[in-house]
Amino acid sequence: DEGVPLPPFPADRVKIVSHDAALNVAEGTTIQLNSVSTRSAPALSLPPRSFALGSAADGTPTIVVSTRQEECGNVYLEGPTEVCSEAVAALPDELQSIYRDIDKLDEQRARCEERYMIVRLPQIKRPSPSALAGATSSEVEKVRLHFVDIQRRLLFAAICTLDKSFDACCAKMVQETREKIDSVTAAGGHELSFQSMYCPPGELNPKQLEKRDEGIGLAEKIVRGLDEAGCVTTYGGGYEEGDLDYGHPANSINNKNTHNYYKIDERDGADRPTIKGGTAFSGRDRLSEYQATEGKAAEDEGDIFFEPDPQPEPELGTEPEPEFENQSAFVSAIDYDNLPVEAEAKAIETLLEGIKKLTFDEHPETVRQCVMLELYGIPIGTQFIFWSLIKEHGECLRRGGAIHVQGWLKRVLMLFGETGIPLVMKPRGLIMTGQLNELFGSRTTSWALLKMSDIASADQRRKATMPAKVLEKLSAGQIHAWFICTWSPGIKVGNEAHALGTPIIADKTFGSNWGDTIRGSPVELPSNGAEMYGRGVRNHNFSDDNLSDSMDEKDGIFWNVTLNGGYVVADRDVTSMTARGGKPMVDYIQETFIGDQGETWEIVEKFHDVTTLVMTCPDEELRQIDVIGCPGGMIDTNPDVKHDDAKITAMGMRSVSWQHMHNWVETARQSPVLDCDAPPRLGLDCNWLDGQIEDNFVFTFSSDIAHNRLIAKKHIRHCVLQYKN
């Protein structure tokens with residue numbers, strides 16, 4: 001054997017090189033090998049999906065980056081990636097230690113690839129055991145230098161570049177979303193709205209645009225197939241033989257069918273009318289809302305996917321036909337309830353086959369993985385929708401089986417129809433305005449990143465204003481917070497197994513340490529959603545005695561924490577507070593519960609729906625009460641409430657409040673790390689991006705409620721069903 005071939009000793013830097021047009025790297029971009037860190041690494045336009053090691057002409061190592069998941073070779077070092085374990089075991093321990101250290105590098109490589117899910121890092125090379133067996137001590141040191149020390153630095157340089165680029169992309173998403181929200185709210189809009197959360201193509205990166213174009217191509221294919229089957233109405237000129245007559249009464253949307261439609265606005269002095277596409281689960285409901293608001297209804301805010309409490313259909317011929325002004329302004333483009341069976345089946349087959357290529361191959365586990373998938377594809381919320389349609393429940397407990405939920409598949413088909421109609425009709429002279437590719441541009445993930453950043457800032461403010469002794473107590477041991485609420489809906493017969501929101505969220509945050517202070521329910525055996533929660537009835541149908549008893553139980557808990565110490569979280573419980581004159585909960589606590597020596601509860605922080613009060617007493621026991629809105633508020637499906645932008649924004653802020661609360665309750669009950677010099681963690685974990693999706697109320701709200709409602713325009717019950725799963 002001629003020994004282990006080694007490259008020249010590297011310079012003090014490694015070059016970063018890209019041959020990928022979607023990933024620009026400035027000429028001369030390098031990282032110092034003697035001080036590799038995220039701080040010194042370059043921030044590229046996208047976090048690369050692949051890294052390969054090579055050498056420049058002068059022997060300087062290079063890292064070749066790409067947005068494609070290519071073979072990530074390592075030609076800087078010569079040697080295999082795997083070696084015979086028996087051959088290694090036959091070597092002296094000094095030589096075996098080299099392989100043990102290299103194995104640790106391979107483990108680090110695998111952990112990083114798992115963190116980012118769709119990334120491949122450079123192969124880790126190993127020296128040949130047979131060549132190493134006869135090496136001199138100086139040769140062994142050179143082998144260790146290259147295969148362990150230098151290879152570690154090169155791997156770390158790749159990981160630091162990946163981390164820095166990912167962080168830079170997240171920061172850009174947050175900044176752009178903050179600016180967009182500021183612009184929309186300054187004009188009188190809401191933080192969570194289509195106007196603030198839709199992301200236009202001009203702000204997408206090259207990889208997102210590729211997937212967007214692929215999705216638009218699928219939409220065109222679906223609509224073209226329906227058009228060839230004679231199921232798409234042509235509005236205006238450009239008729240071809242077999243086209244549907246848009247003026248025929250059968251093409252009205254004044255019925256209960258589901259439609260893609262043309263909305264035609266005639267404008268004085270204009271050469272041609274303005275034509276916009278739209279979707280309606282019930283054409284008649286769309287017309288009713290349009291008429292009620294004098295034509296100013298926001299698109300799709302009033303869709304009715306299914307009636308909360310279905311009523312018997314009137315006998316044929318007895319239902320009055322409502323009269324609508326400007327009925328001619330709406331023309332059905334596709335009537336989904338009148339499609340021929342074969343045409344419908346072909347459209348659905350095309351859709352389900354096509355969306356497989358637009359979503360992930362394996363369900364992500366962490367927030368970081370979701371963000372990475374979105375940086376390289378369509379919005380993660382849309383990918384979740386597609387995944388839910390192509391997987392059965394047994395294949396994916398999180399989302400599978402949604403194809404069987406009423407209206408779920410139809411809504412997706414409608415949105416693809418809305419996107420494809422203008423493409424098919426444009427050659428016939430039909431020019432449509434407005435946004436028609438809504439599934440493929442969303443800021444809701446960016447909104448979640450923004451809100452988590454706000455939570456981190458709130459944590460710092462809370463730590464700065466809380467008394468030092470309180471923070472010390474929270475950090476010193478296992479503090480178990482107790483949550484008290486008023487939550488007691490009636491359960492409809494047959495729905496006993498259905499999961500309800502408040503218990504899900506309370507269980508995740510407090511475990512078994514929570515309770516309901518009200519007894520009974522609004523209606524013992526409710527027949528509909530309104531009766532479950534006593535909507536429209538004084539005090540939700542609870543008696544004055546029920547509410548007084550509820551407050552008496554709360555008072556006992558508040559007196560206990562006032563006199564003996566502890567950590568209590570209480571919902572605002574406006575209903576029970578009527579038994580105390582309707583005072584706000586915070587005011588009531590401050591006025592009523594006084595310590596032995598006159599101590600009072602002081603407000604130390606307010607953050608959205610959370611008000612934090614502490615009391616400082618001579619015994620230095622922890623005394624803390626957090627007052628917060630009921631967790632069910634973030635997943636409210638009240639049919640008596642319009643789930644418009646204002647409501648969705650309020651629900652989103654409730655999720656932010658509960659994430660903030662969840663972080664503090666969780667970290668307060670954790671045991672301190674006794675052998676660690678770092679200060680105890682309270683509040684948001686700095687590694688939250690690597691936390692499970694299910695543990696993040698804000699991210700889950702952004703993908704399953706905000707995105708689904710505002711961008712995919714799903715019914716609020718669909719959104720909440722997905723969130724609870």
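See the structure above.
Residues numbered from 1 in each chain as written. Predicted model: local features only at pLDDT ≥ 70, side-chain atom pairs only at ≥ 80, totals over all residues. Heavy atoms only, no water.

Caption draft 1: Looking closely at helix α6 (residues 206-228). A rise of 1.5 Å per residue sets the reference length of α6, with its 23 residues, at 33 Å; its end C-alpha atoms lie 33 Å apart and thus fit the reference within 8%. Between the side-chain oxygen at the start of α6 and the backbone nitrogen of K207 there is a gap of 2.9 Å, and the oxygen is on N205. (Helix = DSSP H or I, 4+ residues; strand = E, 2+ residues; numbered from the N terminus. Expected span 1.5 Å × (residues − 1). Polar contact = N/O pair within 3.5 Å; in protein donor to acceptor, adjacent residues only side chain to side chain.)

Caption draft 2: Here's a closer look at the packing of aromatic side chains. Taken as a whole, this structure holds 14 aromatic pairs when the rule is applied. Here the aromatic rings of F360 and F384 are separated by 5.9 Å at their centres, their planes lie at 70 degrees, and the arrangement is edge-to-face. One end of the pair, F360, is in the loop between α8 (341-355) and α9 (367-375); the other, F384, is in helix α10 (residues 380-390), with 24 residues separating them in the sequence. Each member of the aromatic cluster is reached from another via a ring pair, and the members are F558, W559, Y588 and F593. Stacked on the ring of Y376, the Lys or Arg R49 has its end atom at 5.5 Å from the ring centre. One residue, R399, lies across the ring of F384, its end atom 3.5 Å from the ring centre. (Phe/Tyr/Trp six-rings, centres within 6.5 Å; stacked < 30°, edge-to-face > 60°. Lys NZ or Arg CZ within 6 Å of the ring centre and 35° of its normal.)

Caption draft 3: Structural context of the nonpolar core. The biggest cluster of nonpolar side chains holds 121 residues, and the ones touching the most others in it are I63, W447, L474, Y567, V569, F701 and I705. I275, I334, W408 and M414 belong to the second largest nonpolar core, which has 44 residues in total. (Core = buried A, V, L, I, M, F, W, Y, C linked by side-chain atoms within 4.5 Å. Buried < 20%, exposed > 50% of the residue type's maximum accessible area, 1.4 Å probe, protein only.)

Caption draft 4: Inspection of the sheet that holds strand β3 (residues 50-55) at higher detail. In space, the four strands of this open sheet follow the order β2-β1-β4-β3, with mixed pairing throughout. Edge positions in the sheet fall to β2 (30-32) and β3, since each has one partner strand and no second. For this sheet, the mean inter-axis angle between neighbouring strands, taken without regard to orientation, is 25 degrees. Pairing analysis gives four bridges linking strand β1 (residues 13-18) to strand β4 (residues 61-66), with the strands arranged parallel. Bridge pairing in β4 places K15 opposite T62. (Pairing = 2+ DSSP bridges. Axes fitted to C-alpha atoms, helices over the stretch in contact; angles between N-to-C directions.)

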